[in-house]
Amino acid sequence: MSILSLKNVSYGYIDGNKKRTIINDLSYDFEVGKFYTIFGPSGSGKTTLLSLIGALEKTQEGAILFDGQSIESIGLSKYRRNHQSIVFQQFNLLPYLSALDNVINVMNITNNPIPKPYKETALKLLNQLGIVESKAIRSIQKLSGGEQQRVAIARALATNVKLILADEPTGNLDTDTEREIISIFKNLAHDYQCCVIVVSHSQEVTKESDVSLRLTNGKLVEIKGEKHE
Amino acid sequence: MYFILRAIEYIKKQKAKTILLFVLFFIIANIAMAGLSVYRASEVAKQNIRTEIGANVVYSIDSVKLTTDVKSGLIEYETDASTLAGVPLLKNVQLLVNLDYVKSVDMILHLEVVNELLEQYIYIPTTTQTGQGKVNPTVETGDFSLKTYSSLIPTDFSNNNATLVEGRFANETEISSASNVILVEKTFADNNQLKLGDTVELTEFNATDSSPISFTIIGIYKSNVVLDDRIARTMSPALLPQNQFFIHFDAIENIMSTPVSDDTLLAGAVFELEDPTYISAFKVFAAEKIDLKYGLLDANDALYNQLSGPIDSLGNLSGMMVIIVMIAGALILGLITALTVNQRKYEIGMLLAIGESKLKIISQFIVEVAVIAVIAFGLSVFTGIQAGKMISESVSMQPSTAVVSTTGTQSGRGSSSKYTQPVMTNPSMNIDDVEINIELDGKSILLLLGSGLLISIVSVIIPALYVTRYNPKQILNNIG
Ligand SMILES: Nc1ncnc2c1ncn2[C@@H]1O[C@H](COP(=O)(O)OP(=O)(O)OP(=O)(O)O)[C@@H](O)[C@H]1O
Ligand SMILES: [Mg+2]
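Criteria and thresholds
Residues numbered from 1 in each chain as written. Chains lettered and ligands numbered in written order. Predicted model: local features only at pLDDT ≥ 70, side-chain atom pairs only at ≥ 80, totals over all residues. Heavy atoms only, no water. Salt bridge = Lys/Arg side-chain N within 4 Å of Asp/Glu carboxyl O. Helix = DSSP H or I, 4+ residues; strand = E, 2+ residues; numbered from the N terminus. Buried < 20%, exposed > 50% of the residue type's maximum accessible area, 1.4 Å probe, protein only. Contact = heavy atoms within 4.5 Å. Buried area = accessible area lost by both parts, 1.4 Å probe. Polar contact = N/O pair within 3.5 Å; in protein donor to acceptor, adjacent residues only side chain to side chain. Nonpolar A, V, L, I, M, F, W, Y, C, P; charged D, E, K, R; others polar. Core = buried A, V, L, I, M, F, W, Y, C linked by side-chain atoms within 4.5 Å. Pairing = 2+ DSSP bridges. Axes fitted to C-alpha atoms, helices over the stretch in contact; angles between N-to-C directions. Near = heavy atom within 4 Å. Areas by Shrake-Rupley, 256 points an atom, 1.4 Å probe, with all protein chains shown as cover. Parallel < 35°, antiparallel > 145°, perpendicular 65-115°, else oblique. Patch = residues over 30% accessible without salt bridge, like charges linked within 9 Å, V, L, I, M, F, W, Y side chains within 5 Å. Lys, Arg positive; Asp, Glu negative; His and termini not counted. Charge placed at Lys NZ, Arg CZ, Asp CG, Glu CD.

(A) Molecular detail of the pattern of salt bridges. Residue and element names in this part refer to chain A. This structure, assessed with the given rule, holds 21 salt bridges over all chains. In this structure, Glu180 and Arg150 form a salt bridge, with 2.7 Å as the shortest nitrogen-oxygen distance. With Glu180 in helix α8 (residues 175–191) and Arg150 in helix α7 (residues 145–158), this pair connects stretches of sequence that are 30 residues apart. Residue Glu180 is classed as partly exposed on the basis of its relative accessible area, which comes to 38%. When salt bridges that share partners are traced, they join Asp176, Arg179, Glu204 and Lys207 into one network.

In structure tokens form, the structure reads like this:
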């Protein structure tokens, strides 16, 4: 069953005095257990689409349903807090908190049940993503880009949500690190029954995904992957 | 409540900003605290002056206005003063006694009396001046004067113009039976070999069918009034303190030929109020009751103004200082927050993206500022009062002698004693007695710090609200 349904979603920006439509009457169903990638030329609206799915802004037309309920009726802030996690290319973490505290922070913000004590759960999660305790208590600025991205993913997982979104998460990383991150996403989809949607230009990422979507003319087109019944 | 932890971590990591804010708060709080302590001290000092000058309001004829109006021909020289509006007639005094705040009244009447057998005190000039200042020989006056009192202690005694050295004032039985009991001055008593229990025979001066009345001496007093040489030379000898006798108001009819009535003109009345702070209210009420055209209500205002003037300007200055520094502080803080909130845009966007509520994000910013403010304000309580002490010490108070002499003789020459000032100004009061004590009570400290904190919070909330009204995409977009 689909965890996330986009129903005739449209979105555009006002440019001067005319409106430019970026997302145009887009409908698509995302399912749990699958790793989706979205690609498309620069400026095609990938980040815009992900922002709509992540409720960073409101749709102008149409609706986004989470588990059959429109996210606006759930409440955008509550939806962001409890049902999705988003990983950006950069600017994911609070610079004045340690890696560990960044993870504990979202555990405090979400309403989802998290096993206590938070510190222990967070350290375990960070450890699984290759961040040992000595690094976890360091200030964020003292971690490498790859390490920071792992912390961002750990933070995204910390709230136990089913929907994981990422906007070019490997854009700044070398290929080895990229490969590791991709396998983490794949794992989440297949072993933890999450719905993982990653925007990426990278062939590496697209290759590994279950469903690959191309954003053109404001619509999503399946390039690779089985049509669901 | 994790936002509090975030705030603490932020304060710890952003050391430069924390120190800047701390220094800002500390300086502002110190200036404000110093200003407030000086302001408070000046208020207290003014109150002390009032208390020391006393809660007495003297109601008398406005002799200055009377003289001007006579000179300019507005009223006739021969006009009977008791027909003028607003003068202290008995009925007017009684109207004012009924006003709020009045504790007691001392009704003062002068009556000139004679007794050929008694020796009059003669003033010996301390300097030799010829020609000038001789008593006008064409006007005849009595040898002595009676001065009445209606309060338990005559005002002249309560304000230290005179001190009782022997005996007492009239007691209740003597007052209710209008007994002829009298207080005389020590020099007079010594010169005439009089002692307590002796009697003096007095006759009203210039009355048609008057006979001597005998008074029993119940008290002997000493006058503390030091008269200015020139005034003493020119004033009627009967009015010299040494030639003055005190009798109770109710006994005056025993010797006075004209009966006391509502229209009797008093030399004055001294209203003692419940508290010195009621003086201005009392004056307002009194002016509503009586048209004080030729009447004057004076609470020793000239002396009060002279003493409180410099303190007043110090107080106003420091009050202004507090307000200016608070406004400047709010503006600086608002600016700092506006600038840093702009730097922290992406942090706000990120917090919103992970579902943090706007309220908690703003609360975090408030806690960040409040923690620093509370520490800085707390320290400034000690240093600010110290600074206040230094300020008030450096603003030197000119120790000038401010004895205002209104020693009751403006109209002494040639006119009836009825026009003289009823009581003399407390002669011992001068500015050396005025002390400024820098002390702040807990209430005003709390008020100052509370409003400081409130201003800080508001100047944080405004720029923060400005940013959080955006949705997270807009914020993140602008940076990415
Ligand atoms: N706030 C905005 N106001 C006006 N136009 C905008 C705004 N944000 C984005 N756009 C425009 O919308 C279009 C889609 O932008 P978006 O960031 O979604 O593209 P993208 O597919 O993510 O591109 P990239 O691959 O470069 O990240 C672009 O042409 C962009 O200029
Ligand atoms: Mg993009």
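(B) Representation of the interface of chain B and chain A. Across the boundary between the two partners, chain B contributes 22 residues, which contact 26 residues of chain A. Among the residues of chain B in contact with chain A, Tyr2(B), Ile354(B) and Lys473(B) are the three that bury the most area, contributing 31% of the side total. The interface formed by chain B and chain A contains 0 salt bridges. Linking chain B with chain A are 8 residue pairs in polar contact (both at pLDDT 80 or more). Among the secondary structure elements, those contributing two or more residues to the side of chain B that touches chain A are α1 (2–13), α11 (345–353) and α14 (472–479) of chain B. No other element matches α11(B), which puts 6 residues into the side of chain B that touches chain A. Considering only residue class, the side of chain B that touches chain A consists of 11 nonpolar, 4 polar and 7 charged.

(C) Representation of the nonpolar core. Ranked by internal contacts, the top residues of the largest apolar core, which has 84 residues, are Phe185(A), Val196(A) and Phe25(B). Counting residues per element, this core draws most heavily on helix α12 (residues 358–394) of chain B, at 11 residues. Once you skip the residues sitting within four places of it in the chain, Phe25(B) turns out to touch Leu333(B), Val369(B), Ile372(B), Ala373(B), Ala376(B), Phe377(B) and Ser456(B). In this structure, Val57(B), Tyr59(B), Leu273(B) and Ile279(B) belong to the second largest nonpolar core, which totals 43 residues.

(D) Structural detail: the sheet that holds strand β2 (residues 102–108) of chain B. Residues and elements named next belong to chain B. Pairing is antiparallel in the open sheet, where 4 strands are placed in the order β2-β10-β1-β11. Edge positions in the open sheet fall to β2 and β11 (295–298), since each of these has one partner strand only. Averaged over all pairs of adjacent strands, the angle between strand axes in this sheet comes to 20 degrees, irrespective of strand direction. By the bridge criterion, 4 bridges tie strand β1 (residues 56–61) to strand β10 (residues 268–273) in an arrangement that is antiparallel. Looking across to β10, one finds that Val57 is bridged to Phe271. Lying on the sheet, helix α9 (residues 279–289) is in contact with β1, β2, β10 and β11; it crosses β10 at an angle near 130 degrees.

(E) Unusual backbone geometry, seen in detail. Residue and element names in this part refer to chain A. The residue after Lys116, namely Pro117, is reached through a cis peptide bond having omega -5 degrees. In this structure, Pro117 sits in the loop between α4 (99–109) and α5 (118–128). The residue Asn8 is not glycine, and still its phi comes out positive at about 50 degrees. Residue classification places Asn8 among the partly exposed residues on the basis of a relative accessible area of 41%.

(F) The pairing of strand β2 (residues 18–31) of chain A, seen in detail. All names here are of chain A. As paired strands, strand β1 (residues 2–15) and β2 are joined by 10 bridges and run antiparallel to one another. Considered in β2, the bridge of Val9 is made with Leu26. Between β1 and β2, which pair antiparallel in sequence order, lie 2 residues; one of them, Gly16, sits at a positive phi of approximately 65 degrees.

(G) Region of interest: the site of ligand 1. Near ligand 1 you find 13 residues, and of these Arg20(A), Ser42(A), Lys46(A), Thr47(A) and Thr48(A) are the closest. Per-site note: the chains with residues close to ligand 1 are chains A and B. Backbone polar atom of Gly45(A) to an oxygen atom of ligand 1: 2.9 Å apart, as the coordinates give it. Within the contact set of ligand 1, an oxygen atom lies 3.4 Å away from a side-chain nitrogen or oxygen of His201(A). Look at ligand 1: alone it shows 630 Å² of surface, and the protein chains cover 67% of it. Sorting the residues of the shell around ligand 1 by element identifies β2 and α1 (46–53) of chain A as the ones contributing at least two each. Among the elements that line the shell around ligand 1, the one with the most residues is α1(A), at 3 residues. Across the shell around ligand 1, the residue classes tally to 2 nonpolar, 8 polar and 3 charged.

(H) Up close: the packing of α7(A) against α8(A). All names here are of chain A. At a closest axis distance of 11 Å, the pairing of α7 and α8 adopts a crossing angle of 10 degrees. One finds that α7 runs roughly parallel with respect to α8. In this structure, α7 contributes Gly146, Gln149, Arg150, Ile153 and Leu157 to the contact, and α8 contributes Thr177, Glu180, Ile181, Ile184, Phe185 and Leu188. In terms of residue class, the contact of α7 with α8 is built from 6 nonpolar, 3 polar and 2 charged.

(I) Just a positive patch on the surface, in detail. There is a patch of like positive charges on the surface, built from Arg138(A), Lys142(A), Lys13(B) and Lys15(B). Within the secondary structure layout, Lys15(B) lies in helix α2 (residues 15–53). We classify Lys15(B) as exposed; its relative accessible area is 55%.

(J) Region of interest: the sheet that holds strand β4 (residues 61–66) of chain A. An order of β2-β1-β4-β5 (chain A) is seen for the 4 strands of this open sheet, with the pairing classed as antiparallel. Either end of the sheet is taken by a strand with one partner, and the two such strands are β2 and β5 (69–70) of chain A.

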